[in-house]
Amino acid sequence: MRFDTLIINANLATMNEEFGFGRGTAYGAVANAALGIVDGKIAWIGSMAELSTHHADERIDACGGWLTPALLDCHTHLVYAGNRSDEFEMRLTGVDYTTIAKNGGGILSTVRATRQASFEQLYEQSLPRFLALVNQGVATIEIKSGYGLDLDSERKMLQVAKKLGEDYGISVQKTYLAAHALPPEYQGDADAYIEKVCQWLPILHAEGLVDAVDAFCEKIAFTIEQVARVFKVAQSLNLPVKLHAEQLSDMGGSGLVASFRGLSADHIEYLSSGDIVKMAAADTVAVLLPTAFYCLRETKVPPIDELRSHAVKMAVSTDCNPGTSPSVSLMLAMNMACTLFRLTPEEALAGTTIHAACALGLPNKGKLAVGCDADLAIWQIDRPADLSYLIGQNVLKQLIIAGKSRH
């Protein structure tokens, strides 16, 4: 068999149940192996001993390193303008997130800066964050709107997200999050604003700018009923939904998104037992955002053991945003998921590969399996646990996207 590219002398963390992942073989690991690529897809996985019958146009020697699926960051707000380090200082003096938001800070501070920025300025400010993720082995990035809160500014954010992906050959999943906060021009009339959010969605979807729909269900944001209105419009357009839910209190948002068979419920520190059952039944992924938990000095840990007991998939993400998680290190998030939430390193890697792919509705990513996208990462590590153990260190040796090496 002839391949476009053949990776040799690799240890594989397949994250694939065919190789025992989730069934007793940690990471679905295969030692001393090789992997063949044809037309940007994984075409063959086998042992080095089988290579005599295989040929390739290009060979990549992993030199005994570990080959994993390229990482996916399934929850980011990385397209934005401005800076909120002043709020970081305020929180350190004891001012809480809710108070900052009610006094015109928080999301609305970033809305003002993002509205004022031109497309070019917004692209220029967002690019370093985008590339920082890619240079640490991330080949798929979800990017939300939600700092525009009017049609033109939401469009601008989504256009920047789309262009970043196109310019650098990275899979960008664009999420419409206009129901993120109440803009100043609609203060006191959230229902009227939600009506606008529902009107803008079909427009932006028709322009090819929306892959999924999100909202913020919280006391400082929107109610269950208001979010349901947005989700019904998404449903009519056959768009998947996800939700910022149970971050600051138990609003029942996770149960709502599960009732729409949504992709994910994100944050979920205050998640209830009843909503865990609903998520399990709907196969809705729990997206853990430990960097935001850390920055907010939250003390309510997500119910990890109960999520495990109900076999709810858990993803891990940076939540890159200017207010509560100004981080572009997915490996730091993996470490925090282990140290703060007590995930195992295997769960953390699953959370940034196969389960992150599920949270984005991308079944052809996040695992090493024949037929899946050849988005791969070669790491200079002794064992897969190092990706969570080496706090924020970049141990990426080579990133391969759609079968092509990225330098």
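In this text, all values refer to a predicted model and were calculated from it rather than measured experimentally. Note on numbering: residues in each chain are counted from 1, in written sequence order. Selection of residues for local features in this predicted model requires a pLDDT of at least 70, selection of side-chain atom pairs for listing and counting requires 80 or more, and totals for whole chains, interfaces and linings are taken over all residues. Excluded from the side-chain calculations are hydrogens and water; all other atoms, namely the structure's heavy atoms, are used.

S.K.: Explanation requested: the environment of Leu288 in the structure shown.
M.R.: Runs of E in the DSSP output that reach at least two residues are strands. Runs of H or I that reach at least four are helices, and both are numbered from the N terminus. With respect to the element layout, Leu288 can be found in strand E12 (residues 285-288). Of the residues examined, Leu288 reaches a relative accessible area of 0% and is grouped as buried. Along the backbone, Leu288 and Val233 are 55 residues apart, and their C-alpha atoms lie at a distance of 26 Å. By definition, residues are in contact when any of their heavy atoms lie within 4.5 Å. The residues touching Leu288, leaving out its near neighbours within four places in the chain, are Ile268, Pro302, Ile304, Met314, Ala315, Val316, Ser317, Phe341 and Leu343. Per-residue accessibility, obtained with a 1.4 Å probe over protein chains only, is compared with the maximum for each type, and a residue is labelled buried under 20%, exposed over 50%, and partly exposed between these values.

S.K.: Just to check I follow, could you spell out the UniProt feature "binding site: Zn(2+)" (unreviewed entry) in the protein for this structure?
M.R.: Cross-referencing UniProt, the feature "binding site: Zn(2+)" (unreviewed entry) maps to His75, His77, His244 and Asp319 in the present numbering. The greatest C-alpha distance among the annotated residues, which extend across 245 residues, is 12.2 Å, indicating that they converge on a single site. Taken from the residues named earlier, the lining of the largest cavity is made up of His77, His244 and Asp319. For His75, the position within the fold is in the loop between strand E6 (71-73) and helix H1 (85-92). Look at His75 and you get buried, because its relative accessible area is 0%. Each polar contact in these results corresponds to two N or O atoms within 3.5 Å; when the atoms are within protein, one needs to be able to donate a hydrogen and the other to accept it, and residues that are neighboring in sequence are counted only if both atoms are side-chain atoms. In terms of polar contacts, His75 uses its side chain to reach the side chain of His77, at 3.2 Å. On the secondary structure map, His77 appears in the loop between E6 and H1. Among residues more than four places away in sequence, those in contact with His77 are Lys144, Ser145, Tyr147, Leu177, His180, His244, Asp319, Cys320 and Asn321. UniProt positions are given in the numbering used here, feature names are shortened, and annotations may be inferred rather than shown by experiment. Every definition here rests on a 1 Å grid over the protein atoms only: cavities are sets of points where a 1.4 Å probe fits but cannot get out, pockets are open sets enclosed by protein on both sides within 12 Å along at least five of seven lines, and lining residues have some atom within 4 Å of a point.

S.K.: Mind showing me how you'd approach the environment of Ala377 here?
M.R.: Mapped onto the elements, Ala377 comes out in strand E14 (residues 376-379). Overall, the relative accessible area of 0% leaves Ala377 in the buried class. In this structure, the C-alpha to C-alpha distance between Ala377 and Leu248, residues 129 residues apart in sequence, is 35 Å. Ala377 has contacts with Trp66, Leu67, Thr68, Pro69, Ala70, Leu396, Gln398 and Leu399, leaving out every residue within four places of it along the chain.

S.K.: For this particular structure, what's the right way to read the environment of Ala113?
M.R.: Here Ala113 is to be found in helix H3 (residues 107-116). Overall, the relative accessible area of 22% leaves Ala113 in the partly exposed class. C-alpha separation for the pair Ala113 and Tyr80, spaced 33 residues apart in sequence, amounts to 7.9 Å. Contacts of Ala113, omitting those with residues within four sequence positions, involve Ala81 and Gly82.

S.K.: Would you mind going over unusual backbone geometry with me for this structure?
M.R.: In terms of backbone geometry, most residues other than glycine have negative phi values and most peptide bonds are trans. If you check the backbone angles, Asp283 has positive phi at about 60° while not being a glycine. Following the sequence through the fold, Asp283 ends up in the loop between helix H9 (273-282) and E12. The partly exposed category is assigned to Asp283, whose relative accessible area is 48%. Even without glycine at this site, Asp319 takes up a positive phi of about 55°. If you trace the backbone, Asp319 turns up in the loop between strand E13 (314-316) and helix H12 (330-341). Accessibility expressed as a relative area gives 2% for Asp319, which makes it buried.

S.K.: How should empty space enclosed by the protein be read in this particular structure?
M.R.: In this approach the atoms are scanned with a rolling probe the size of a water molecule, which exposes any empty space left behind. Grid points are joined across faces, edges and corners, and a volume is the space filled by probe spheres set on the points. Counted by the stated rule, this structure contains two cavities of 30 Å³ or more. Estimates place the volume of the largest cavity at around 120 Å³. Lining the largest cavity are 13 residues, and of these Tyr97, Ile107, His180, Asn321 and Thr324 sit closest to its centre. Polarity classes work like this: nonpolar for Ala, Val, Leu, Ile, Met, Phe, Trp, Tyr, Cys and Pro, charged for Asp, Glu, Lys and Arg, and polar for all others, with Gly in that last group. Of the residues that constitute the lining of the largest cavity, the class distribution is four nonpolar, seven polar and two charged. Here the second largest cavity is characterised by a volume of approximately 40 Å³. Every residue lining the second largest cavity is listed: Ala70, Leu71, Leu72, Ala139, Thr140, Lys365, Gly366 and Asp375. Those elements giving two or more residues to the lining of the second largest cavity turn out to be E6 and strand E7 (138-144). Its residues placed into classes, the lining of the second largest cavity shows four nonpolar, two polar and two charged.

S.K.: Explanation requested: the sheet that holds strand E9 (residues 212-217) in the structure shown.
M.R.: Paired through their backbone hydrogen bonds, the strands of a sheet run either parallel or antiparallel. Taken in spatial order, the eight strands make up an open sheet running E6-E7-E8-E9-E10-E11-E12-E13, and their pairing is parallel. Each having just a single partner strand, E6 and E13 make up the two edges of the open sheet. Taken over all neighbouring pairs, the strand axes of this sheet differ in orientation by 25° on average, direction set aside. At least two bridges found by DSSP between two strands are what make those strands a pair. Of the strand pairs in this sheet, strand E10 (residues 242-245) and strand E11 (residues 264-267) are connected by four bridges, and their pairing is parallel. In the strand pairing of E11, His244 is matched with Asp266. For every element, the axis is a line fit to its C-alpha atoms; helices are fit only across the contacting stretch, and the angle between N-to-C directions ranges from 0 to 180 degrees. Running at roughly 170° to strand E8 (residues 171-179), helix H5 (residues 151-168) makes contact with E7 and E8 of the sheet. Of the strands in this sheet, E8, E9 and E10 touch helix H7 (residues 224-236), which is tilted by about 175° from E9.

S.K.: Even after reading the chapter, I still don't get the UniProt feature "binding site: Fe(3+)" (unreviewed entry) in the protein, so can you show me in this structure?
M.R.: As annotated by UniProt and renumbered to match this structure, "binding site: Fe(3+)" (unreviewed entry) occupies His75, His77, His244 and Asp319. With respect to the helices and strands, the residue His244 is situated in strand E10. His244 gets classed as buried once you look at its relative accessible area, which sits at 4%. Non-local contacts of His244, meaning those with residues more than four positions away in its chain, are made with His75, His77, Lys144, Leu177, Asp214, Ala215, Phe216, Cys217, Asp266 and His267. Of note is the side chain of His244, whose polar atom sits 3.1 Å from the side chain of Asp214.

S.K.: In this structure, what is going on with the domain arrangement of the protein? I would like to understand it.
M.R.: Accessible area lost on assembly of the parts is the figure often given for the size of an interface. The domains assigned to the protein are domain 1 (2-70 + 367-406) and domain 2 (71-360). Summarising the inter-unit geometry, the C-alpha centres of domain 1 and domain 2 are found 30 Å apart. When the two sides are added together, the surface that domain 1 and domain 2 hide from each other amounts to roughly 2000 Å², 65% of it contributed by carbon and sulfur. Run the count over domain 1 and domain 2 and you get four residue pairs in polar contact (both at pLDDT 80 or more). Elements represented by at least two residues in the side of domain 1 that touches domain 2 include exactly strand E5 (66-69), helix H15 (386-389) and strand E15 (396-401). Taken together, the residues of the side of domain 1 that touches domain 2 sort by class into 17 nonpolar, six polar and three charged. Domain delimitation follows an automatic or database domain assignment. Throughout, the accessible surface (probe 1.4 Å) given up by two parts as they are put together, summed over both, is called the buried area.

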